[in-house]
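What follows is each chain in one-letter form.
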Amino acid sequence: MAERNWAGNLEYRATSIHHPADLGELRDLVVGARRIRALGSRHSFNDLADSEHELVVLDRVDPDVRIDEGARTVTFGAGMRYGDLAEVLQGAGWALHNMASLPHISVAGAVATGTHGSGDRNGTLSSAVAGLELLTAEGELVHARRGDAEFDGMVVALGALGIVTRLTLDIQPTFEVRQDVYSDLPWDRVLEDFDAITSSAYSVSLFTNWAGDSIGQVWLKSTTPDAPETLAGAERAPVDRHPLREMPATNATRQGGVPGPWNDRLPHFRMGFTPSNGEELQTEYLVPRRHAVEAIRAVRALGEHITPHLLVTEIRTMAADSLWLSGAFETDAVGIHFTWKKEPEHVLPLLPRIEAALEPYAARPHWGKLFAMDSSRVRTLYPRIDDFDRLVARFDPEGVFSNDYLRRVL
């Protein structure tokens, strides 16, 4: 049977998928390859991770997790999933600053695509990268650290420079988080008090289907012992909820204000359960924070076209970073995320309409999700894109790590 991504909407073109046991086996595969790329946990919804020839998965390489308490960093094999890494860190009394809604995703894949998590003062997941180890097409092992001249171009790199084999992330002492869910937040209050709402907790997520006069759910993840009884007119939910009304709350992380470790509250979904819906497509656009309200209004105006084909939209915030291809490059940003029904015949034609509505607001598409923009538009959104081109030409002059996606999008 043909290999597919997690959502099942993409069949990989690669002729073979390898699972090397160590760096030596990986080097042999890379040096002898005509075209090769790394495949993570398959949570990309487009062909970013695909290859015309070969793919490698690092799930059988010993992660060799090493915590440096003095430097406050952790170094590990890049094939690890966030949930597995978080469990090791929590057991040792340490934490990451943020996590994505899904702990199931590979760290290297999330970093390479600028995946972000949430929180007004929290940087993207990629912003925690303090160092990386990269295997080039010639079999050379390159080490780069924060502060190096081109480091900011090597972190969110879409797999275009080589195979990332190890990562070093910043860590901090472990902390507890409580999670509270509020129902039916009026749209008028969202648009009037957006900054106050998103700054009301360590991490805030707004869930909507764009229909009606209110936001369906607001999830507050707080590091303080208390949470408000109401939030801008929204009432606290008396029972645990799933972001999708038809899905059981048992799949989601604990709510109801019960404190728990960071790794069991910052994600929306529990590691041992199916995340989100499973049968879905995803799209996301990241807009500069200064345009947030106008961008949300623009999408809301398309609600009658979006809602019939949508499972849920999540709106989140993140702090600016300096990574060349990050959606939050040099700007605090707001992510407008669409979890679609698995209806590509309806969803794909909608994307150009949404992108046209968001064009005045410099919306950047999430690299690993579905979007319609071509390279002429994408390149205008990243001031360091020419520098990135030069980096790719130096690290991979023969295009061993290139693929259809990179040629089409960049």
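Just so you know, these numbers come straight off a predicted model, no measurement behind them.

1. Comments concerning the layout of surface pockets
One way to see where empty space is left: roll a probe the size of a water molecule over the atoms. Volume-wise, the second largest pocket comes out at about 250 Å³. For the second largest pocket, the lining is made up of 16 residues, of which Thr 208, Asn 209, Gly 216, Arg 245 and Val 312 are closest to its centre. Every element with two or more residues in the lining of the second largest pocket is listed here: strand E12 (203-208), strand E13 (214-222) and strand E18 (310-318). With 4 residues, the single largest contributor to the lining of the second largest pocket is E13. Residue classes in the lining of the second largest pocket are distributed as 8 nonpolar, 5 polar and 3 charged.

2. Focus on the sheet that holds strand E7 (residues 129-135)
Ordered in space as E4-E5-E9-E7-E8, the 5 strands form an open sheet in which the pairing is antiparallel. At either end of the open sheet lies a strand with only one pairing partner, and these are strand E4 (66-68) and strand E8 (141-145). Neighbour to neighbour, the strand axes of the sheet diverge by 15 degrees on average, direction disregarded. Sheet topology places E7 next to E8; 5 bridges connect them, and they run antiparallel. When the sheet's bridge partners are listed, Leu 134 is paired in E8 with Val 142. Helix H1 (residues 23-31) contacts E7, E8 and strand E9 (163-170) of the sheet and is inclined by roughly 130 degrees relative to E9.

3. Here we look at the UniProt feature "domain: FAD-binding PCMH-type" (unreviewed entry) in the protein
Residues annotated in UniProt with the feature "domain: FAD-binding PCMH-type" (unreviewed entry) correspond here to residues 10-174. The distance separating the terminal C-alpha atoms of residues 10-174 is 38 Å; by composition the span is 18% helix and 25% strand.

4. Concerning helix H11 (residues 385-395)
Looking at H11, one finds that the buried residues are Ile 385, Phe 388, Leu 391, Val 392 and Phe 395. Each buried residue of H11 lies within a common arc of 110 degrees when the element is viewed along its axis, so the set occupies one face. Where H11 is buried, its residues meet E7, E8 and helix H4 (151-154).

5. Looking at the side chain of His 366
Mapped onto the elements, His 366 comes out in the loop between strand E20 (364-365) and helix H10 (375-378). Of the residues examined, His 366 reaches a relative accessible area of 5% and is grouped as buried. Within the structure, the side chain of His 366 is placed 3.1 Å from the side chain of Thr 115, a separation counted as a polar contact. If we skip the residues at most four places from it in the chain, His 366 touches Thr 113, Thr 115, Glu 284, Leu 286 and Phe 371.

6. Some details on the pairing of E13
Burial runs high along E13: 8 of the 9 residues are buried. Examined bridge by bridge, strand E11 (residues 176-186) and E13 share 8 bridges and lie antiparallel to one another. Bridged to Arg 178 within E13 is Ser 222. One ladder, built from 5 bridges, connects E12 with E13; its direction is antiparallel. Looking at E13, one finds that Phe 207 is bridged to Gln 217. From the end of E12 to the start of E13, which pair antiparallel, there are 5 residues, and Trp 210 there has a positive phi angle of about 70 degrees.

7. Describing the nonpolar core
Formed by 105 residues in total, the largest nonpolar core has its most connected members in Trp 210, Trp 262, Phe 338, Trp 340 and Trp 367. Aside from chain neighbours lying at most four places away, what touches Trp 367 is Asn 46, Leu 48, Thr 113, Val 156, Leu 158, Leu 325, Val 378, Tyr 382, Tyr 405, Val 409 and Leu 410. Judged by nonpolar contacts, the second largest core, of 12 residues, contains Val 30, Ala 33, Ile 36 and Val 400.

Here is what the cut-offs are and how they apply
- Residues numbered from 1 in each chain as written.
- Predicted model: local features only at pLDDT ≥ 70, side-chain atom pairs only at ≥ 80, totals over all residues.
- Heavy atoms only, no water.
- 1 Å grid on protein atoms, 1.4 Å probe; cavity = no way out; pocket = protein on both sides within 12 Å on 5 of 7 lines; lining within 4 Å.
- Points joined across faces, edges and corners; volume = space filled by probe spheres on them.
- Helix = DSSP H or I, 4+ residues; strand = E, 2+ residues; numbered from the N terminus.
- Nonpolar A, V, L, I, M, F, W, Y, C, P; charged D, E, K, R; others polar.
- Pairing = 2+ DSSP bridges.
- Axes fitted to C-alpha atoms, helices over the stretch in contact; angles between N-to-C directions.
- Contact = heavy atoms within 4.5 Å.
- UniProt positions renumbered as here; feature names shortened; annotations may be inferred.
- Buried < 20%, exposed > 50% of the residue type's maximum accessible area, 1.4 Å probe, protein only.
- Arc of directions from axis to C-beta.
- Polar contact = N/O pair within 3.5 Å; in protein donor to acceptor, adjacent residues only side chain to side chain.
- Core = buried A, V, L, I, M, F, W, Y, C linked by side-chain atoms within 4.5 Å.

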